[in-house]
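One letter stands for each residue in the lines below.
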Amino acid sequence: AMKRRFIRDSTGEGYVDVAIAMLIILTFTASLFLLFPIFTARQSLDQTAKYVARTVELYGRADSETLESVFGNDAIMRPDDIRIETTWFDEAEMTIQLRTGFTVTVTKTIPITILRPALGSPIVFHVTISSTARGISEVYHK
């Protein structure tokens, strides 16, 4: 009789363990779903940074017209901000001399919806991500 009671008790305990484990797994899965857009946006932004850097390399300039030409391609994510650090050949023209290195930093703020209550507005976190790419001008400016 003693043995049976012991088994019954431990199975009840087992259910509690399983319930807690399931709760942890579900919470973890839910948080992954929330964070997934950040990962995908980060990948897109990395691509954008590389693409912008490559464009600046080819044209040897980083004026708004050159930067704007990048976004004719729909596959490229449009960042909120593009910053270029370099030693300018002509700062007014935004030209970069042949073999001069530069760094492109693109930044974007993405909204992550944490909760969508039936009544009231959804709870949204704004996450700012940035990506950097380096390049070297391939154009000789006289």
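Residues numbered from 1 in each chain as written. Predicted model: local features only at pLDDT ≥ 70, side-chain atom pairs only at ≥ 80, totals over all residues. Heavy atoms only, no water.

## A few points about the nonpolar core
Within soluble globular proteins, side chains that are nonpolar generally end up buried alongside one another.
Next up, step 1: Core analysis: the largest hydrophobic core is formed by 23 residues, its most contacted members being Val52, Val56, Ile84, Phe102, Val104, Ile110 and Ile129.
Next up, step 2: Looking at this core, the elements with two or more residues in it are helix H1 (2–59), helix H2 (64–70), strand S2 (101–115) and strand S3 (123–136).
Next up, step 3: It is H1 that provides the largest number of residues to this core, a total of seven residues. (Core = buried A, V, L, I, M, F, W, Y, C linked by side-chain atoms within 4.5 Å. Buried < 20%, exposed > 50% of the residue type's maximum accessible area, 1.4 Å probe, protein only. Helix = DSSP H or I, 4+ residues; strand = E, 2+ residues; numbered from the N terminus.)

## Considering the sheet that holds S2
Next up, step 1: Read from one edge to the other, the open sheet built from three strands follows the order S1-S2-S3, with strand pairing classed as antiparallel. Since the sheet does not close on itself, it has two edges, and those belong to strand S1 (81–86) and S3, each with one partner. Looking at each pair of strands side by side, their axes are set apart by 20° on average, direction ignored.
Next up, step 2: Bridge count for S1 against S2 is six bridges, and the pairing is antiparallel. Across the sheet, the residue bridging to Ile84 is Val104, located in S2. (Pairing = 2+ DSSP bridges. Axes fitted to C-alpha atoms, helices over the stretch in contact; angles between N-to-C directions.)

## A closer look at the environment of Thr105
Next up, step 1: Note that Thr105 resides in strand S2.
Next up, step 2: For Thr105, a relative accessible area of 17% puts it in the buried group.
Next up, step 3: For the pair Thr105 and Ile82, spaced 23 residues apart in sequence, the C-alpha separation works out to 5.8 Å.
Next up, step 4: In contact with Thr105, other than residues within four places in its own chain, are Asp81, Ile82, Arg83, Ser130, Ser131 and Thr132. (Contact = heavy atoms within 4.5 Å.)

## Looking at the pairing of S2
Two faces make up the sheet, and in a regular strand the side chains alternate between them.
Next up, step 1: Across 14 bridges, S2 lies against S3 in antiparallel orientation. Bridge pairing links Phe102 to Gly135 in S3.

## A few points about the side chain of Gln97
Next up, step 1: Within the secondary structure layout, Gln97 lies in the loop between S1 and S2.
Next up, step 2: At 2.7 Å, the side chain of Gln97 and the backbone nitrogen of His141 are in polar contact.
Next up, step 3: What Gln97 contacts, discounting residues up to four positions off in sequence, is Phe89, Ser137, Val139, Tyr140 and His141. (Polar contact = N/O pair within 3.5 Å; in protein donor to acceptor, adjacent residues only side chain to side chain.)

## Examining the side chain of Thr103
Next up, step 1: Along the chain, Thr103 turns up in strand S2.
Next up, step 2: Its relative accessible area of 14% is what places Thr103 among the buried residues.
Next up, step 3: There is a polar contact of 3.1 Å between the side chain of Thr103 and the side chain of Arg134.
Next up, step 4: Once residues lying within four places of it in the same chain are set aside, the contact partners of Thr103 are Arg83, Ile84, Glu85, Thr132, Ala133 and Arg134.

## So, the environment of Arg83
Next up, step 1: Tracing the backbone through its elements, the reader meets Arg83 in strand S1.
Next up, step 2: For Arg83, the contacting residues outside a window of four places in its chain are Thr103, Val104 and Thr105.
Next up, step 3: A polar contact is formed between the side chain of Arg83 and the side chain of Asp81, at a distance of 3.0 Å.

## Some points on the pattern of salt bridges
Think of it this way: side chains of opposite charge can pair up when their charged atoms draw near.
Next up, step 1: Taken as a whole and assessed by the stated rule, the structure comprises seven salt bridges.
Next up, step 2: Note that Arg54 is salt-bridged to Glu57, the shortest N-O span being 2.6 Å. Of the two residues, Arg54 and Glu57 both sit in helix H1, three residues apart, roughly one turn of that helix.
Next up, step 3: Under the relative-accessibility criterion, Arg54 is labelled partly exposed at 37%.
Next up, step 4: Where Arg54 meets Glu138, a salt bridge forms, and the shortest distance between an N and an O atom there is 2.8 Å. Taken together, the residues span a long stretch of sequence, with Arg54 in helix H1 and Glu138 in the segment after S3 at a distance of 84 residues.
Next up, step 5: You can call Glu138 partly exposed: its relative accessible area is 44%. (Salt bridge = Lys/Arg side-chain N within 4 Å of Asp/Glu carboxyl O.)

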